[in-house]
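Below are the chains, spelled out letter by letter.
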Amino acid sequence: MTASGRFHHWLLLDMAFDPAGSRRRAGLARNALSALLAAALLMLPATRLRAAEFQATPQLSANWVQDVYQPAFRRFANAADAWTSTTKDLCESGPASRIHALQTDFTRLLQDYARVEIFRSGPMLDNHLQNRLFYWPDKRRVGERQLRSLLADTDIASLSVRQLARKSVAVQGFPALERLLFSDGHYTVEETPLCHVVQTLIQNIASMADELDRAWQSDSEYVQAFLHPEPSSPHFRNANEALRSVITEIVTGLDSLVDRKLQTLLSGDPRIIRTAPLWRSRRTVAMLTGNVAGIRSLLFDAGLLQQLAMEDELTTDFDYVDHLLGKLQYTFAFAGPDGQLSPEVDTVFASLSAVLNDIRHTVNHQVLTPLGMGVNFNADDGD
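Residues numbered from 1 in each chain as written. Predicted model: local features only at pLDDT ≥ 70, side-chain atom pairs only at ≥ 80, totals over all residues. Heavy atoms only, no water.

A look at the packing of aromatic side chains
And step 1. Under the defined criterion, the tally for this structure stands at 17 aromatic pairs.
And step 2. Taking 5.9 Å as the distance between ring centres and 70° as the angle between the ring planes, the aromatic pair formed by Phe106 and Phe174 counts as edge-to-face. Pair noted here: Phe106 is in helix α4 (residues 98-117) and Phe174 is in helix α8 (residues 174-181), with a separation of 68 residues, a long-range link.
And step 3. For Phe106, a relative accessible area of 0% corresponds to the buried category.
And step 4. With 6.1 Å between their ring centres and 40° between their planes, Trp279 and Phe334 make a pair best called tilted. Residue Trp279 is found in the loop between α12 (270-273) and α13 (284-300), and its partner Phe334 is found in the loop between α15 (311-328) and α16 (343-367); the two are separated by 55 residues along the sequence. Each member of the pair Trp279 and Phe334 is classed as buried.
And step 5. Taken together, the aromatic side chains of Tyr69, Phe73, Phe119, Trp216, Tyr222, Phe226 and Phe236 make up a single cluster linked through ring pairs.
And step 6. Here the basic side chain of Arg282 rests over the ring of Trp279, its NZ or CZ set 4.3 Å away from the ring centre.
And step 7. Over the face of the ring belonging to Phe300 we find Arg296, whose NZ or CZ atom lies 5.5 Å from the ring centre. (Phe/Tyr/Trp six-rings, centres within 6.5 Å; stacked < 30°, edge-to-face > 60°. Helix = DSSP H or I, 4+ residues; strand = E, 2+ residues; numbered from the N terminus. Buried < 20%, exposed > 50% of the residue type's maximum accessible area, 1.4 Å probe, protein only. Lys NZ or Arg CZ within 6 Å of the ring centre and 35° of its normal.)

Some thoughts on helix α3 (residues 58-86)
And step 1. Compared with an ideal rise of 1.5 Å per residue, which puts 29 residues at 42 Å, α3 spans 41 Å between its outermost C-alpha atoms and is within 8% of the ideal.
And step 2. Along its length, α3 shows its largest kink, about 35°, at Gln70, and proline Pro71 lies within four residues downstream of that point. (Expected span 1.5 Å × (residues − 1). Bend = angle between axes of the 7 residues up to and from the residue.)

Description of the environment of Leu299
And step 1. Note on placement: Leu299 falls in helix α13.
And step 2. As for Leu299 and Trp64, which are separated by 235 residues in sequence, their C-alpha atoms are 9.5 Å apart.
And step 3. Once you skip the residues sitting within four places of it in the chain, Leu299 turns out to touch Ile250, Leu304, Leu305, Phe318 and Val363. (Contact = heavy atoms within 4.5 Å.)

Remarks on the nonpolar core
And step 1. Trp64, Phe76, Phe174, Phe349 and Leu356 are the most contacted members of the largest nonpolar core, which totals 112 residues.
And step 2. Tallying contributions element by element places α3 first for this core, with twelve residues.
And step 3. Apart from residues no more than four positions distant in its own chain, Phe349 is found in contact with Leu262, Leu265, Leu266, Val285, Leu288, Leu328, Phe334 and Leu341. (Core = buried A, V, L, I, M, F, W, Y, C linked by side-chain atoms within 4.5 Å.)

A closer look at the side chain of Asn291
And step 1. Relative to the elements of secondary structure, Asn291 occurs in helix α13.
And step 2. Sequence-distant contacts of Asn291, defined by excluding residues within four places in its chain, comprise Ala114, Arg115, Glu117, Ile118, Leu257 and Lys261.

Concerning the state of the cysteines
And step 1. As enumerated under the stated definition, the model contains one disulfide in all.
And step 2. Between the sulfur of Cys91 and that of Cys195 lies a disulfide, 2.3 Å long from S to S. The disulfide joining Cys91 to Cys195 has a torsion of about -110° about its S-S bond and is therefore left-handed. Of the two residues, Cys91 sits in the loop between α3 and α4 while Cys195 sits in helix α9 (residues 194-215), which places them 104 residues apart along the sequence.
And step 3. Residue Cys91 is classed as partly exposed on the basis of its relative accessible area of 28%. (Disulfide = S-S within 2.5 Å.)

Concerning the environment of Ile118
And step 1. Mapped onto the fold, Ile118 is located in the loop between α4 and α5 (129-133).
And step 2. Considering only alpha carbons, one finds Ile118 and Leu257, 139 residues apart in sequence, at a separation of 9.7 Å.
And step 3. Discounting chain neighbours no more than four positions away, the residues touching Ile118 are Glu249, Gly253, Asn291, Gly294, Ile295 and Leu298.

A look at α13
Residues lying three or four places apart along an α-helix face the same way, a consequence of the helix completing one turn every 3.6 residues.
And step 1. Between its first and last C-alpha, α13 extends 24 Å over 17 residues, near the 24 Å set by a 1.5 Å rise per residue.
And step 2. Counting buried residues along α13, 15 of its 17 residues qualify, which places the element largely inside the surrounding structure.

A few points about the pattern of salt bridges
Pairing is possible between side chains that carry opposite charge, provided their charged atoms lie close to one another.
And step 1. For the structure shown, the criterion picks out 13 salt bridges.
And step 2. Between Lys261 and Glu117 there is a salt bridge, and its shortest N-O distance comes to 2.9 Å. Placement of the pair is Lys261 in helix α11 (residues 239-265) and Glu117 in helix α4, with a sequence separation of 144 residues.
And step 3. For Lys261, a relative accessible area of 1% puts it in the buried group.
And step 4. One salt bridge in this structure joins Arg148 and Glu144, with 3.4 Å as the shortest N-O distance. Of this pair, Arg148 and Glu144 are both found in helix α6 (residues 142-151), four residues apart, which corresponds to roughly one turn of the helix.
And step 5. Taking the relative accessible area as the measure of exposure, Arg148 reaches 44% and is therefore partly exposed.
And step 6. Judged by its relative accessible area of 17%, Glu144 is buried. (Salt bridge = Lys/Arg side-chain N within 4 Å of Asp/Glu carboxyl O.)

A word on the confidence of the model for the protein
And step 1. Here the protein averages 86 in pLDDT, and 80% of its residues register 70 or above.
And step 2. Ignoring residues within four places in sequence, the model shows residues 16-26, a span with pLDDT below 50, making 23 contacts including any to other chains.
And step 3. Note on residues 41-52: pLDDT is under 50 here. Beyond four places in sequence and across chains, it has 23 contacts. (pLDDT = per-residue confidence, 0-100.)

Given below as structure tokens:
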């Protein structure tokens, strides 16, 4: 299907899935969406044959470092440091506007974090940073229990960042901070020592963001290995292994979005829907938006898709994803009193899942094969 054809395909979907008005119509829309998607996938061209096998290059690796990883981690660290600075006197300020400002700044920092959340290799795996920053899924509500235990500590008013970093990973990052800032009355940062705990959590997130930023500096061991792989390197023995780590992030990122985050939202079970990331604060869409931006950056910003002649085709799909996310950006009342998604929101999430699944199909069949990885690529092979 040409880029123009794909555009008209998604345009038809957009016309077909205007706000439904009833749960029955939303269900019919989801079924129709599945059928249209299946038809669209059948029309996708077979993997294009290339005379020469694609080869990873030093320039491609340099582009990923300079144009994707370093700017994203630097932005996250700068935003976290700025929030730490502005909350330096948090517990001495007046309470009137405190919670609104904290919730606004939480959202801003979350958006920067969500972009790097899918970069799950190298430094993100060191010191359990991935789980410390965002412990999810939390199927057994470990974070809730651990936070309750933390707040019951008699020494909580003097909790330091170093002490918090030795606590459970479930109380060190965004989910714990979300629980305190969007508490439905169970917790309030207007009271001591909760204000101090919020301040310490912000500082702890900033400390981890700075650690990641340092790990992606050009002179770090990991980046030097990424740029100049050697047979004896503990990280990358050749340029193809560096390429493989990036593709792993793309594949696992799409899998996480489609099979975990969106599937949770589309489960139809209010108990499961409530376990979606950042459901308490209704910042789920902010996380999805950042995740999509991170995946898009890995595919486009270093020049990978341009070399594979896939840029136009996937640009259309990602633009439509952005369009759908835009529809949800200012929607906070996702669910009704029964805990079910509203028909309108359910339909948009179903469309979003379908388009992301289409992108995943394209990546699996038209990106991985030219890279010599094939449609049965397993991101865990060789790890």
